[in-house]
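Each chain, letter by letter, is given below.
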Amino acid sequence: MTPASAGPRSRALARRAARVLVGGVDSPVRSFRSVGGSPVFFARGRGAYLFDVDGRRYLDLVGSWGANLLGNAPPAVVAAVQRTANAGLTFGAPSPLEHELAEEVRRAAPVLERLRFVSSGTEAVMSAVRVARGFTGRTKVVKFEGGYHGHSDGLLARAGSGPATQALPDSAGVPAAVVGETLVARYNDPEGLAEAFERHGPSIAAVVVEPVAANMGVVLPQPGFLPAISRLARQHGALVVADEVITGFRLRRGTVHESLGLSADLVTLGKVVGGGMPIGVYGGRRDVMETVAPLGPVYQAGTLSGHPLAMAAGRATLDRLTPRVYATLERTGAELQETLLRLSEEERVRPFTLPRAGSMLGLFFAPGPVVDFASAGKTDRAEYARFFHAVLGRGVYLPPSALETTFVSAVVRSPDLVRAEEAFRAGFRAARRRGR
Ligand SMILES: *Cc1c(COP(=O)(O)O)cnc(C)c1O
């Protein structure tokens, strides 16, 4: 199957890009490899919509993987970036923009008593893990299967055989010795985590967890799971790193883990908090963060860290994150969920499972409940690919991969979703058509 849903200009650009960029892209999921076909190249975005190089318009339900909470090119954010750029792109020295955004972040998320800005979520989690190791003097890190924490070596790990065992590299080039310090447990499985602590407790520095998993579709934490993480970590003297690179400032103004019963020592942020510019944040308990240089022995640095344009975009974004925005996101997320469930019923697409947390939805062509990587992985990827292309061809941009999250932005309105219904309906019909 070679879906031709990308226009002729997109396809020509994909061929040209592939002659100079590896796979034609700068991040693998963009290549459309997991849904087939040729990627759409975008020329611009405005509000709820994206416009491709062939002049086609799409309702944007990816939002740059969640970063564009306020939609594409929000005028106030763009203006702040322009103003800031005129005053200098980078100093490699302190500017007031950094502590101003930091103060805003801490006001909204007091758990970050001290924090530091970096340039990506990957860097943030990698640094948080280093801090946890430096603070505890221990080496092992626990993550959960299907959780994504950026592409640093130690976290590109997958489960070995059996629960809570030593991890295996999840990428060529990652040494077995490095992921030998990583343990992979099952999401929503407190017993598996308890077993990991029984076996390796004294050498576990930290447990890294997404409070709502959003990198295997959306997988909600079951009652008791997150509190068990905090309890076990505390018992064994390990730290908890809440990876809120996706959930931070998306599900509420600030961090969400506390309200889900997780108590964290360190927190990572990214995506929304940079308002569409490259950013990462790590922070947390003051005593733990003060092990970072120049105050302590844990080294971490960055030429472009705290970049003025990212600080300005983040500040302008946070300024607009009012309770009303979150009420809108909740309402629109619920409406999209209801629409998709209703249409899947009407088109008799079964099984179809659609977990949601606010403006994040997981579209699984799989039976529920989806609680971990194994149940998420049961989604029918071919079905999703057919759904994706039929929907794309009718002007709705969804994640080009079956195990990614669908994001609603704050500028999507009910009429946008009503207009998208025929695309979704055609998508479900295409999904049902097996054996192509
Ligand atoms: C996106 C993401 C990261 C990595 O962030 P990048 O900016 O892509 O490096 C880390 N953790 C989670 C939970 C993410 O969703």
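Residues numbered from 1 in each chain as written. Predicted model: local features only at pLDDT ≥ 70, side-chain atom pairs only at ≥ 80, totals over all residues. Heavy atoms only, no water.

Chemist: Any details on helix α4 (residues 121–136)? Residues and values, ideally.
Modeler: A rise of 1.5 Å per residue sets the reference length of α4, with its 16 residues, at 22 Å; its end C-alpha atoms lie 22 Å apart and thus fit the reference within 8%. Looking at α4, one finds that the buried residues are G121, T122, A124, V125, S127, A128, V129, V131 and A132. Two residues or fewer after α4 comes G137, characterised by a positive phi angle close to 70°. (Helix = DSSP H or I, 4+ residues; strand = E, 2+ residues; numbered from the N terminus. Expected span 1.5 Å × (residues − 1). Buried < 20%, exposed > 50% of the residue type's maximum accessible area, 1.4 Å probe, protein only.)

Chemist: Quick rundown of the nonpolar core? Include the residues and the values.
Modeler: Ranked by size, the top nonpolar core spans 59 residues in total, and within it F144, I229, F249 and L321 carry the most contacts. Taken together, domain 1 (8–73 + 322–432) and domain 2 (75–318) each give at least three residues to this core, which thus spans both. Leaving out residues up to four positions away in the same chain, L321 has contacts with L69, L70, F249, R253, V272 and Y326. Counting 40 residues, the second largest nonpolar core, distinct from the first, contains L363, F387, F388 and V408. (Core = buried A, V, L, I, M, F, W, Y, C linked by side-chain atoms within 4.5 Å. Domains from an automatic or database assignment. Contact = heavy atoms within 4.5 Å.)

Chemist: A description of the sheet that holds strand β15 (residues 360–361) should follow, citing residues and the corresponding values.
Modeler: Strand order across the open sheet formed by three strands is β14-β15-β17, with antiparallel pairing between neighbours. Edge strands, defined here as strands with exactly one partner in the open sheet, are β14 (356–357) and β17 (406–407). Note that β14 and β15 share two bridges and pair antiparallel. Residue pairing in the sheet places A357 in a bridge with M360 of β15. (Pairing = 2+ DSSP bridges.)

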